[in-house]
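Each chain, letter by letter, is given below.
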Amino acid sequence: MELIGVDTGGTFTDFIYRKEGKWGVFKQLSTPSNPAESVLSGISHITQSDNYKMVHGSTVATNAILERKGAVTALITNKGFEDVFAIGRQNRTELYNPQYRKPPLLVPSHLRFGVHCRTRSDGGVELAFDDASAAEVVEKIKQAKVDSIAVCFLFSFLNPHDEIKMEKALEALKISTSLSHKILAEFREYERTSTTVVNAYVSPIMKRYITHIIENIHGNELRIMQSNGGSISAATAMNESVRTILSGPAGGAVGAWETGKMAGVEKLISFDMGGTSTDVALIDGGLPLTFESAISDFPVKVPMIDIHTVGAGGGSLAFMDAGGALRVGPESSGADPGPICYGKGEQITVTDANLYLGRLVPEHFLGGHMTLDFQRLESYFDKMSRESGLDKKTLAEGILSVADTAMEKAIRVISVERGFDPSEFSLFSFGGAGGLHAVSLARLLNMPTVFVPQNPGILSAVGMLMADVIKDYSLTIMQKAQDMDHAMLEKQFEPLVEKGIEELLLEGIDKGRIHVEKFLDMRYKGQSYEIMVPFTTEYENSFHLLHEKSYGYSNPDKKMEIVNIRLRARGTPEKPIIDPEPHAGKIPPAKAFGEKRPVIFDGVPRETDLIHRKHLSHGNEITGPAIILEYTSTIVMPPDTFARVDQFGNLIIHTCKKGEK
Amino acid sequence: MPPLIPSDPLDLHADSRKTNKAHGNETSGKDIPNPILLEVFKNRFTSICEEMGVTLNRTAFSPNIKERRDFSCALFDANGAMIAQAAHIPVHLGSMPLSVKAAIDAVEFEQGDMVMLNDPYKGGTHLPDITIVAPVFDPESLSPAKPGAGKKIPRQNRPRFFVANRAHHADVGGMSAGSMPLSSSLFQEGVIIPPLKIVKKGQLDKDLMTLFLNNVRTPQEREGDFSAQIMANLTGIRRIRELVKKYSLPEVKRYATSLMDYSETITRKKIASIPDGVYEFEDRLDDDGKGTKDIHIHVILTIKGDGATLDFRHSHAQVTGSVNAVFSITLSAVIYVFRTLIKEDIPFNAGCFKPISLITKKGTIVDAVFPAAVAGGNVETSQRVVDTVLGALEKALPGQIPAAGQGTMNNLTVGGMDLRTHTPFAYYETLGGGMGATATNNGENAVHSHMTNTLNTPVEALEYSYPFLVTQYAIRKHSGGGGKFCGGDGMIREMRMLGPAEMTVLSERRIHPPHGIDGGKPGACGNNYIIRNGRKKIMPGKFHAQLKKGDTLGIETPGGGGYGRP
């Protein structure tokens with residue numbers, strides 16, 4: 001069977017495939033108005049077979065929210081709580097903007113309806129579900145002509161009957177309905193409502209998109225990437241589309257983890273630098289999860305891979321500010337007009353600075369498919385050099401070091417600020433622009449090595465192919481720890497386990513390849529934040545230890561609460577195998593070396609080798625300064641570095657001279 | 001009234017007085033800083049403050065710090081001039097430098113010392129805000145002056161920098177749980193701590209800590225929060241030393257100063273764009289809860305070139321109730337307003353203060369003297385100072401300043417015994433309201449404005465923890481002032497008591513509504529009420545009451561003012 005991984009990005013749609021036992025990559029421009037077009041034409045370019053399996057990461061759900069092009073959605077709540085979604089947490093995201101406005105809501109006030117009913121915090125009924133008021137709401141929704149409905153009642157995770165009654169009452173309308181206890185059975189009504197609304201808002205759009213793809217892939221299997229690092233069936237993705245939001249970067253993190261693991265490197269900081277932003281994630285023997293994500297300021301509390309993003313990328317604009325400082329970003333030239341060297345831009349970008357210093361090679365950009373206009377840079381650098389009082393080379397290197405500072409800060413946030421020392425990790429660089437900055441960034445953080453995988457420009461697609469099938473479940477139980485023991489908790493897990501196994505069987509996973517992982521969200525009584533602890537017989541001790549590690553103290557005498565139980569059902573399908581290469585000797589073949597070029601490092605032009613990565617093999621060693629060229633990216637090795645190619649074709653760059661530590 | 005000539009402007013930086021007079025070209029004689037290093041240092045200094053904040057947030061114990069983020073961290077040079085600050089709560093902006101100055105004046109620092117303080121009349125704001133200040137010495141000259149060697153410390157043994165952080169502690173003793181009482185003297189509000197060494201040469205003063213902990217209601221939580229504050233300072237010290245090691249002491253000092261100049265330049269440019277003139281405005285507090293009504297705050301704002309002077313001397317005398325503001329609160333509110341005018345992302349440092357002078361009279365509502373009660377000055381009067389200064393600026397910059405926002409934090413404290421579990425409980429919350437409309441847009445609904453930005457407690461979290469049932473949580477429709485653009489709507493929170501409870505409300509804008517601009521209508525006043533046996537009783541803005549099982553407490557928060565004729 002053939003395998004295809006497809007990642008739709010803002011500019012390119014990336015494909016990786018295995019056909020007749022061989023791997024191949026393909027990249028073509030995305031078709032933003034109808035993303036399926038590029039996906040389908042790419043697939044027919046790759047294969048005519050009718051026996052393949054495809055895993056797809058799509059930005060359809062994410063973009064529907066960012067561009068406010070989702071379904072017309074109604075929200076049903078308890079009477080008196082229609083505005084919970086509008087009030088949010090009553091804070092503003094811009095502290096010093098007295099003209100602050102929240103982003104437009106996904107459900108306007110005239111589409112928010114209240115029904116008389118109320119459940120208490122013990123799950124008991126305070127006010128019975130009022131059929132007449134529900135019927136009234138159904139009638140209003142019918143008049144309003146909506147495409148999707150979200151239902152979120154208080155404490156529905158304890159007692160879902162009112163939401164189920166509401167679903168029944170809505171049945172005749174035949175409109176896609178999302179119930180909060182099914183999407184996120186956890187307490188905190190705003191976050192649950194927001195997650196449910198986001199799901200309702202994107203599901204009809206996702207359903208249309210997936211249906212269109214399915215109709216055009218002739219019965220082949222389609223799986224969809226989720227933001228939790230696993231894939232799900234197309235059918236599930238249509239109903240739980242919220243789980244596909246922000247899945248693109250998750251594919252990259254999975255790709256980094258799986259590639260690193262294969263090469264024996266399990267402590268990684270992934271660094272994905274693109275045109276407008278940079279994503280970083282800390283991987284310490286496993287993929288990190290977060291439950292605190294948001295899109296367009298709307299909380300989405302389903303588990304996601306913990307990825308930190310900063311607004312610095314190849315397209316970030318450089319300028320002198322009113323106080324005389326050289327600034328870079330967060331404004332970006334975007335795809336249009338793009339950097340100066342693309343022919344249209346009028347403001348210097350990070351990419352232009354790289355080109356000015358000779359670190360990008362104009363005739364080899366994107367394998368020579370796109371040319372860069374070096375001549376165009378000169379007058380812009382002249383102008384900004386006068387403005388800043390810096391000579392042009394210093395200015396260009398200054399732009400890079402300011403950009404590096406922003407990215408260094410992003411990595412400190414996910415490492416130092418969480419108690420990790422970056423010098424124990426390898427910087428795993430991918431994305432179009434990552435290789436240009438990785439070594440200088442690693443040096444700022446005292447990281448000893450940079451790891452560049454094969455085909456770094458399409459790593460997200462690789463990750464999607466390697467991802468497990470994962471379904472996450474959670475339930476708020478809010479119990480005092482002293483009232484519970486291991487056996488009682490096991491009992492609480494039972495319905496979740498049953499559901500997890502049943503649903504993974506439906507996903508087509510063999511029973512022997514399914515396993516479940518159990519966790520508890522715990523806290524000390526009185527706290528308002530929880531820590532996720534693996535559920536073993538030692539869960540109380542684990543909590544104290546993890547609390548100590550995360551927060552610097554623990555208090556075994558203090559009472560604890562078990563807030564949520566969590567279940568992760570994982571199916572591990574057979575994964576594509578990559579065979580190691582035999583050792584080919586330290587010296588790269590002659591054909592790997594292109595001409596030498598002067599490249600500026602620390603203000604001095606250095607004769608630098610241009611090296612074609614496709615001709616490098618296992619065991620080859622390279623000494624900096626060097627520029628390594630490949631189809632999807634360019635890697636800069638400054639002076640005083642050396643690199644080695646490993647048995648899987650990964651390039652391991654040491655940020656110091658050979659022999660030094 | 002004739003414009004007043006500033007006779008006694010506050011100058012936080014006596015050594016920089018010269019530069020206050022010139023109009024922006026005072027740096028012409030100096031070396032021009034390298035634009036690249038300027039940006040790199042800007043990022044580094046800010047990230048030190050942020051990292052201190054992360055440490056504090058991560059290791060703190062109480063929800064007030066962890067979830068509501070009621071804390072700030074900052075770096076200072078050897079003279080106590082602020083280099084950078086990370087503030088989550090604007091009310092801390094201007095007051096941190098005064099804390100550090102008070103600490104420097106009060107003690108001789110030695111290596112490993114840390115000073116704590118909360119005395120509003122010695123560098124503090126209100127008692128729950130406790131600040132901890134630590135010196136950073138040269139790593140090479142770690143040996144401090146010998147004890148008893150006299151006042152003079154050799155120059156190389158003086159601190160090179162200071163780090164400080166402030167956190168709002170959920171209880172510091174006093175007459176009511178939560179230490180936000182309707183008091184009439186500072187002594188009722190909690191433990192008063194002048195600048196004292198809580199850590200001496202690296203050792204915690206256990207006696208002092210025991211004394212403090214014996215005077216507060218939740219000692220264990222306080223101890224946890226204190227150690228987090230100490231850890232945060234240690235993080236700051238370590239990061240500054242790393243910076244000095246990487247770039248050298250003179251370079252770090254030089255860029256600390258360059259960045260102050262940088263922020264000053266940008267602030268001055270903004271002020272220079274405001275037309276020269278004298279602009280006057282007056283707003284008022286409803287009352288102090290102790291019988292004094294219509295407490296006015298008066299400002300005369302003089303813009304001349306690239307400097308601003310704000311004269312508050314005609315404001316009301318200080319009052320018996322707890323709405324008195326100490327000077328640092330007023331300064332914070334003024335600095336906040338000027339900060340909102342600047343669109344650039346500048347480091348918040350001593351340079352931002354230099355172009356701005358305040359004139360106040362001791363013993364007034366905006367510069368109270370000991371032992372006036374101040375618990376509410378921080379939360380309520382600070383908001384009114386903002387309204388007043390924005391009102392004056394609006395005359396200078398018509399079309400650019402929003403109408404008044406809700407102008408209160410609607411502080412609510414409920415305490416008692418939870419009969420379901422037979423454990424005592426104490427609940428504190430502040431409620432958002434309407435923001436003022438602008439010349440181009442409606443005001444935002446049901447959100448915290450200006451000096452605070454703390455999160456709400458979710459209904460489900462609240463009902464799990466306390467014996468209440470929330471019966472309504474909604475936007476208060478049509479409470480925003482009408483106009484071409486409408487003020488934001490306030491909110492409504494109604495809660496039914498499931499058992500007896502004692503409660504305190506400290507709120508404003510129940511009598512005098514938030515003003516509109518240019519013909520825009522004022523926002524609706526807020527309302528507090530209790531429903532007992534089906535009968536609704538309107539309560540005043542500041543009150544204390546005993547509630548019975550089945551009573552419903554309702555709070556309707558004010559709407560924002562409207563903008564322009566409808």
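Along each chain, residue indices are assigned from 1 in the same order as the chain's sequence is written. To read the labels, note that chains go from A and ligands from 1, taken in the order they are written. Two thresholds apply to this predicted model, a pLDDT of at least 70 for residue-level local features and 80 or more for giving and counting side-chain atom pairs, whereas whole-chain, interface and lining totals are computed over all residues.

1. Overview of the overall build of chain A
Secondary structure summary: chain A contains 16 helices and 34 strands in total. For chain A, whose C-alpha radius of gyration is 26 Å, the value lies close to the compact-globule estimate of 26 Å for 661 residues. Seen through its C-alpha atoms, chain A measures out along the principal axes to roughly 80 × 60 × 55 Å. Throughout, a residue-residue contact means that the two C-beta atoms, derived from backbone geometry, are no farther apart than 7 Å. Sequence separation of 24 or more characterises 67% of the internal contacts of chain A that already satisfy a separation of 6 or more. By the criteria applied, helices consist of DSSP H or I runs no shorter than four residues and strands consist of E runs no shorter than two, each listed in order from the N terminus. Radius of gyration: over C-alpha atoms. The globule rule applied is 2.2 Å multiplied by the number of residues raised to the 0.38 power.

2. Focus on the interface of chain A and chain B
Opposite the 53 residues of chain A that make contact, chain B presents 53 residues. Within the residue set of the side of chain A that touches chain B, elements represented by two or more residues are helix H3 (84-87), helix H7 (189-215), strand E21 (326-332) and helix H12 (392-414) of chain A. The element best represented in the side of chain A that touches chain B is H12(A), accounting for six residues. The classification used treats Ala, Val, Leu, Ile, Met, Phe, Trp, Tyr, Cys and Pro as nonpolar, Asp, Glu, Lys and Arg as charged, and all other residues, Gly among them, as polar. Among the residues forming the side of chain A that touches chain B, the class breakdown is 23 nonpolar, 16 polar and 14 charged.

3. A closer look at the packing of helix H2 (residues 35-59) of chain B against helix H7 (residues 249-272) of chain B
Residue and element names in this part refer to chain B. Between H2 and H7, the shortest axis-to-axis distance is 10 Å and the interhelical angle comes to 95 degrees. Classified by the interaxial angle, the pair formed by H2 and H7 is roughly perpendicular. Of the residues in H7, those touching H2 at Leu 37, Leu 38, Phe 41, Lys 42 and Phe 45 are Tyr 255, Ser 258, Leu 259 and Tyr 262. For helices, the fitted line uses only the C-alpha atoms of the stretch in contact; every axis is such a line through C-alpha atoms, and the angle between N-to-C directions lies from 0 to 180 degrees. Roughly parallel means an angle under 35 degrees; roughly antiparallel means over 145; roughly perpendicular covers 65 to 115; every other angle is labelled oblique.

4. Remarks on the UniProt feature "domain: Hydantoinase/oxoprolinase N-terminal" (unreviewed entry) in chain A
UniProt positions are given in the numbering used here, feature names are shortened, and annotations may be inferred rather than shown by experiment. The sites that carry the UniProt feature "domain: Hydantoinase/oxoprolinase N-terminal" (unreviewed entry) are, in the present numbering, residues 4-171 of chain A. In residues 4-171 of chain A, helix accounts for 28% and strand for 27%; the two terminal C-alpha atoms are 38 Å from one another.

5. Quick notes on the UniProt feature "domain: Acetophenone carboxylase-like C-terminal" (unreviewed entry) in chain A
Mapped onto this structure's residue numbering, the UniProt feature "domain: Acetophenone carboxylase-like C-terminal" (unreviewed entry) falls at residues 484-648 of chain A. Across residues 484-648 of chain A, the secondary structure splits into 21% helix and 36% strand, with the terminal C-alpha atoms separated by 49 Å.

6. A few points about the domain arrangement of chain B
Residues and elements named next belong to chain B. Each domain span listed reflects an automatic or database assignment of domains. Each assigned domain of chain B is listed with its residue range as follows: domain 1 (31-175 + 188-266) and domain 2 (402-566). For domain 1 and domain 2, the distance between their C-alpha centres works out to 35 Å. Residue-level contacts link seven residues of domain 1 with six residues of domain 2. Classifying every residue of the side of domain 1 that touches domain 2 by side-chain character gives three nonpolar, one polar and three charged.

7. Considering the sheet that holds strand E19 (residues 308-310) of chain A
Residue and element names in this part refer to chain A. With respect to topology, eight strands assemble into an open sheet ordered E19-E14-E13-E22-E23-E34-E33-E30, the strand pairing being mixed. The open sheet terminates on both sides in strands that have one partner only, identified here as E19 and strand E30 (621-623). Ignoring strand direction, the axes of neighbouring strands in this sheet form an average angle of 20 degrees. Seen against the sheet, helix H9 (residues 247-262) touches strand E13 (267-273), strand E14 (278-284), strand E22 (426-430) and strand E23 (449-452) and runs at an angle of roughly 140 degrees to E13. In the packing of helix H13 (residues 434-444) onto the sheet, contacts are made with E13, E22, E23 and strand E34 (651-654), and the angle to E22 comes to roughly 165 degrees. In short, DSSP must find at least two bridges between two strands for them to pair.

8. Remarks on the pairing of strand E11 (residues 221-225) of chain A
All names here are of chain A. Working definition of burial: number of other C-beta atoms within 10 Å of the residue's own, with buried at 20 or more, exposed at 12 or fewer, and partly exposed in between, all C-beta atoms being placed from the backbone. By the criterion of burial, E11 is predominantly enclosed, with four of the five residues buried. Two strands pair when backbone bridges link them, and strand E4 (residues 52-57) and E11 are joined in this way by four bridges, in the parallel orientation. Within E11, the position partnered with Val 55 by the bridge is Arg 223. Here three bridges tie E11 to strand E12 (residues 231-233), and the two strands are oriented antiparallel to one another. Note that in E12 the partner of Met 225 across the bridge is Ser 231.

9. Some remarks on the domain arrangement of chain A
Residue and element names in this part refer to chain A. One can read the domain layout of chain A as domain 1 (2-65 + 207-245), domain 2 (71-205) and domain 3 (469-571). The straight-line distance from the C-alpha centre of domain 2 to that of domain 3 is 27 Å. Each partner contributes to the interface: domain 2 provides four residues, whereas domain 3 provides five residues. Of the residues belonging to the side of domain 2 that touches domain 3, the class tally is three nonpolar, no polar and one charged.

10. Quick word on unusual backbone geometry
Residue and element names in this part refer to chain A. Each neighbour pair has its own omega, and for Gly 329 with Pro 330 the value is 0 degrees, a cis peptide bond. Put simply, Gly 624 and Pro 625 share a cis peptide bond, and its omega is 0 degrees. A positive phi angle, near 55 degrees, is found at Asn 446, a position not held by glycine. Within the fold, Asn 446 resides in the loop between H13 and E23.

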